[in-house]
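# Observations on chain architecture
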Amino acid sequence: MSNAIRAEFDQVIEHLRQAIRPLKATTIATPLLEAEGCILAQDISSQFDFPLFDNSAMDGFAIRSSDFESDDPTILTLPICGIATAGHPFENEVPRGAALRIMTGAPLPADLDTVIPIEQTEVSDQAVRFDPGQLKAGSNVRRQGEIFHKGECLLKAPRRLTRGDLGLAASLGYATLPCYPRLRVAVFSSGDELIEPNDGHPLTDGKIYNANGTFVTLAARSVGTQATYLGILPDDAIVIEAQFKEAAQQYDLVICSGGVGPGDCDFTASVLNRIANLQHYHVAMRPGKPFSFGTFKDRRALILGLPGNPVASATSAEFFLRFAIAMLEGVPYKELTFTAKLHGKIKSREGRRDFIRGQLQVDPNDGLIFIPANQQSSASLLSVSRSNAIAEIPESATGTMTEGLITVHLR
């Protein structure tokens, strides 16, 4: 008789939230080029105003607004007194009634407060002609501190660092950022039928190529962890126990797909149920019904048991695994979701949450639309390969849906 708990999807997420505590780790000064996906450990503030000084937002001519009237229809001609470029400011005083040739980013001399773009001027000899009616005082000038000020917190910890964050840190002058070490993740596969990918030829005797090892490892790496694939577990209880115990000492999170649930008859389930405190679930979802999680008895390393069917394993990895990683890292978990109009057919059953693979597209008439993949078999990753999104159909839906608005997760 199975001792698995029957639970809804949201209940399992909540159980993970309550059970998992962030790991405690010392911070590491991490070079920017190595920090994408790492968790920022301390707030980062600017040590200067930005812009650091008033500067030109365009190539053109810097002038004093007091030298012209914006409603004056007369074409003005001003002498050019010199040039300022980025990194090379104009050092002399600009006479009244004169214009300074200036490039984007160049410092704006005192008393000059307006820049007229080069394309709105006529330049001849040492003078510039322009229509003041096209200008307003202060046009095309970036003021000191208008984007952010010295001491302003710009990167709030904890957060998973993106390329944008790291580019910002570089613009602030930081070469390294204080980060937590990457989460160490071990990935196993289990199942007598599994063979590691080799030459792509057909297999015999009921064997199948192991796709879960590749997908789950990459799913963990995609959110910044240091994930290592450790292979297919053999049908040897002594070897399985030794590999799990070694992994529990070296890694923060251990994942095994297939053969973990309470009803499984293989060596993996029996070993894990002896050396770990596991909670088994039958989740009211499709695909991905079986799911287990817990900790090893001799160490607090977390273990997750994912389904064996590839698409079920992929779905559990994309929702439960990503959520568990966020909890271990102590960062907010955010799903990128959209509301889209269904273009196609989806079959659902009341009381079960369905996750449907498909394409999120933009339709000229209907805006965002979701087109379900032709087949949704949990045995083949073809639907995963050909999809860029997952539709989430709530437990209240029943029967066949052919229209309406649905929630879609971008993948």
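Scroll up to find the structure this text is about.
As the structure is a computational prediction, the values presented were derived from the model and not from experiment. (Residues numbered from 1 in each chain as written. Predicted model: local features only at pLDDT ≥ 70, side-chain atom pairs only at ≥ 80, totals over all residues. Heavy atoms only, no water.)

## Focus: the sheet that holds strand 1 (residues 5–7)
Just so we agree on the cut-off: Two strands form a pair only when DSSP identifies at least two bridges running between them. Numbering of helices and strands runs from the N terminus, with a helix taken as a DSSP run of H or I at least four residues long and a strand as a DSSP run of E at least two residues long. In this description, a line fitted to the C-alpha atoms serves as the axis of each element, helices being fitted only across the stretch in contact, and the angle between N-to-C directions of two axes falls anywhere from 0 to 180 degrees. Between two residues, a contact is recorded if the distance between any of their heavy atoms is within 4.5 Å.
If you trace the seven strands from one edge of the open sheet to the other, you get 1-21-23-24-20-16-19, paired in mixed fashion. Both edges of this open sheet fall to strand 1 and strand 19 (226–233), since each of them pairs with a single strand only. Adjacent strand axes in the sheet meet at a mean angle of 25° when their direction is disregarded. The strands touched by helix 6 (residues 310–329) are strand 20 (253–257), strand 21 (276–283), strand 23 (290–296) and strand 24 (302–306); relative to strand 24, the strand with the most contacts, the crossing angle is about 165°.

## What to know about the pattern of salt bridges
Here is the rule: For salt bridges, the criterion is a side-chain nitrogen of Lys or Arg within 4 Å of an Asp or Glu carboxyl oxygen. Think of it in three bands: residues with accessible area under 20% of the maximum for their type are buried, residues over 50% are exposed, and the middle band is partly exposed, with areas taken using a 1.4 Å probe on protein chains only.
Under the defined criterion, the tally for this structure stands at 20 salt bridges. Note that Arg 357 and Glu 318 form a salt bridge whose closest N and O atoms lie 2.7 Å from each other. Of this pair, Arg 357 sits in strand 27 (residues 353–363) while Glu 318 is found in helix 6, placing the two residues 39 residues apart along the sequence. For Arg 357, a relative accessible area of 4% corresponds to the buried category. Classification of Glu 318 by relative accessible area gives buried; the value is 8%. Across the pair Arg 411 and Glu 335 runs a salt bridge, and its minimum N-O distance is 3.2 Å.

## Brief notes about the sheet that holds strand 11 (residues 127–130)
Spatially, six strands are ordered 9-6-8-7-11-10 in an open sheet, and the strand pairing comes out mixed. Each edge of the open sheet is held by one strand with a lone partner, namely strand 9 (114–117) and strand 10 (121–124). Direction aside, neighbouring strands of the sheet carry axes that sit 35° apart on average. Pairing analysis gives three bridges linking strand 7 (residues 76–84) to strand 8 (residues 99–102), with the strands arranged parallel. Paired with Ala 84 across the two strands is Ile 102, which belongs to strand 8.

## Notes on helix 6
The cut-off we apply is this: A helix is expected to reach a length of 1.5 Å times the quantity of its residues less one. To get the bend at any residue, fit one axis to the seven residues that end at it and another to the seven that begin at it, then take the angle between the two axes.
Taking 1.5 Å per residue as the helical rise, helix 6 with its 20 residues ought to reach 28 Å, and the 26 Å between its terminal C-alpha atoms agrees with that figure. The largest bend in helix 6 is about 40°, located at Ala 317. Taking burial as the measure, the 20 residues of helix 6 include 19 buried ones, the bulk of the element. Directly after helix 6, the chain includes Gly 330, whose backbone phi takes a positive value near 75°.

## Thoughts on a negative patch on the surface
Inclusion rule: The patches described consist of residues with a relative accessible area above 30% and no salt bridge, like charges being joined within 9 Å and nonpolar side chains (Val, Leu, Ile, Met, Phe, Trp, Tyr) within 5 Å. Accessibility throughout is a Shrake-Rupley quantity obtained with a 1.4 Å probe, and a residue counts as covered only by protein chains that appear here. Charged residues are defined here as Lys and Arg on the positive side and Asp and Glu on the negative side; His and the ends of the chain fall outside this count. Note on charges: their place is set at NZ of Lys, CZ of Arg, CG of Asp or CD of Glu.
Judged by side-chain charge, Asp 192, Glu 193, Asp 235 and Asp 236 come together as a negatively charged surface patch. Along the chain, Asp 192 falls in the loop between strand 16 (184–190) and strand 17 (194–195).

## Some details on the pairing of strand 9
The alternating pattern of strand 9 places Thr 114 and Ile 116 on one face and Val 115 and Pro 117 on the opposite face, and all of these are buried. In terms of strand pairing, strand 6 (residues 60–63) meets strand 9 through four bridges, oriented antiparallel. The residue of strand 9 that forms the bridge with Ala 62 is Val 115.

## Quick word on the layout of surface pockets
Keep this limit in mind: Whether a set of points on the 1 Å grid over the protein atoms alone is a cavity depends on a 1.4 Å probe fitting there but being unable to get out, while an open set qualifies as a pocket with protein on both sides within 12 Å along at least five of seven lines; lining residues are those with an atom within 4 Å of a point. Grid points are joined across faces, edges and corners, and a volume is the space filled by probe spheres set on the points. The residue classification treats Ala, Val, Leu, Ile, Met, Phe, Trp, Tyr, Cys and Pro as nonpolar and Asp, Glu, Lys and Arg as charged. All others, Gly included, are polar.
The volume enclosed by the largest pocket comes to roughly 610 Å³. What lines the largest pocket is a set of 19 residues, and nearest its centre among them are Arg 160, Thr 162, Val 223, Arg 322 and Lys 334. Residue assignment for the lining of the largest pocket shows that the elements contributing at least two residues are strand 14 (159–160), helix 2 (163–171) and helix 6. Of all the elements, helix 6 adds the most residues to the lining of the largest pocket, at three residues. Residues of the lining of the largest pocket, tallied by class, amount to eight nonpolar, four polar and seven charged.

## What to know about the packing of helix 1 (residues 9–19) against helix 6
For clarity, the cut-off: Orientation is classified from the angle alone, with under 35 degrees giving roughly parallel, over 145 giving roughly antiparallel, 65 to 115 giving roughly perpendicular, and any other angle giving oblique. A crossing counts as left-handed when the near helix is turned anticlockwise from the far one by less than a right angle, and as right-handed when that turn is clockwise.
Here helix 1 crosses helix 6 at 25°, and the two axes come no closer than 10 Å. Accordingly, the angle class assigned to the pair helix 1 and helix 6 is roughly parallel. Two packed elements cross with a definite hand, and for helix 1 against helix 6 that hand is right-handed. Of helix 6, the residues touching helix 1 (which contributes Phe 9, Val 12, Ile 13, Leu 16 and Arg 17) are Phe 319, Phe 320, Phe 323 and Met 327. Broken down by class, the residue content of the contact of helix 1 with helix 6 amounts to eight nonpolar, no polar and one charged.

## Details of the environment of Gly 367
Tracing the chain through its elements places Gly 367 in strand 28 (residues 367–372). For the pair Gly 367 and Leu 161, spaced 206 residues apart in sequence, the C-alpha separation works out to 31 Å. Discounting chain neighbours no more than four positions away, the residues touching Gly 367 are Gln 361 and Val 362.

## What about the side chain of Asn 212?
Following the sequence through the fold, Asn 212 ends up in helix 3 (residues 212–221). Setting aside residues up to four positions removed in sequence, Asn 212 forms contacts with Ser 189, Thr 217, Ser 257, Pro 307, Gly 308, Pro 310 and Ser 313.

## Overview of helix 5 (residues 267–275)
Here is the rule we go by: Note: the arc covers the axis-to-C-beta directions of the helix.
Residues of helix 5 that are buried include every one of Thr 268, Ala 269, Val 271, Leu 272 and Ile 275, and no others. Down the axis of helix 5, the smallest arc covering the buried residues is 165°, so these residues share one side.

## Here we look at the nonpolar core
Stated precisely, the cut-off is as follows: To define a nonpolar core, start from buried Ala, Val, Leu, Ile, Met, Phe, Trp, Tyr and Cys residues and group those joined through side-chain atoms within 4.5 Å.
The biggest cluster of nonpolar side chains holds 38 residues, and the ones touching the most others in it are Leu 253, Phe 291, Phe 320 and Leu 321. Broken down by element, the residue count for this core peaks at 10 residues, all from helix 6. If we ignore the near neighbours within four places in the chain, the residues touching Leu 253 are Arg 184, Val 185, Ala 186, Leu 302, Ile 303, Leu 304, Leu 321, Ile 325 and Leu 328. Judged by nonpolar contacts, the second largest core, of 19 residues, contains Phe 188, Ile 240, Leu 278 and Phe 296.

## Here's the deal with unusual backbone geometry
For the bond from Phe 50 to Pro 51, the omega torsion is -5°, close enough to zero to count as cis. In this structure, Pro 51 sits in the loop between strand 4 (44–45) and strand 5 (55–56). For the bond from Ala 157 to Pro 158, the omega torsion is -5°, close enough to zero to count as cis. Tracing the chain through its elements places Pro 158 in the loop between strand 13 (153–155) and strand 14. Within the chain, Asp 111 stands out as a residue other than glycine whose phi angle is a positive 80°. With respect to the helices and strands, Asp 111 occurs in the loop between strand 8 and strand 9. Of note in the backbone geometry, Asp 205 takes a positive phi value of approximately 60° without being a glycine.

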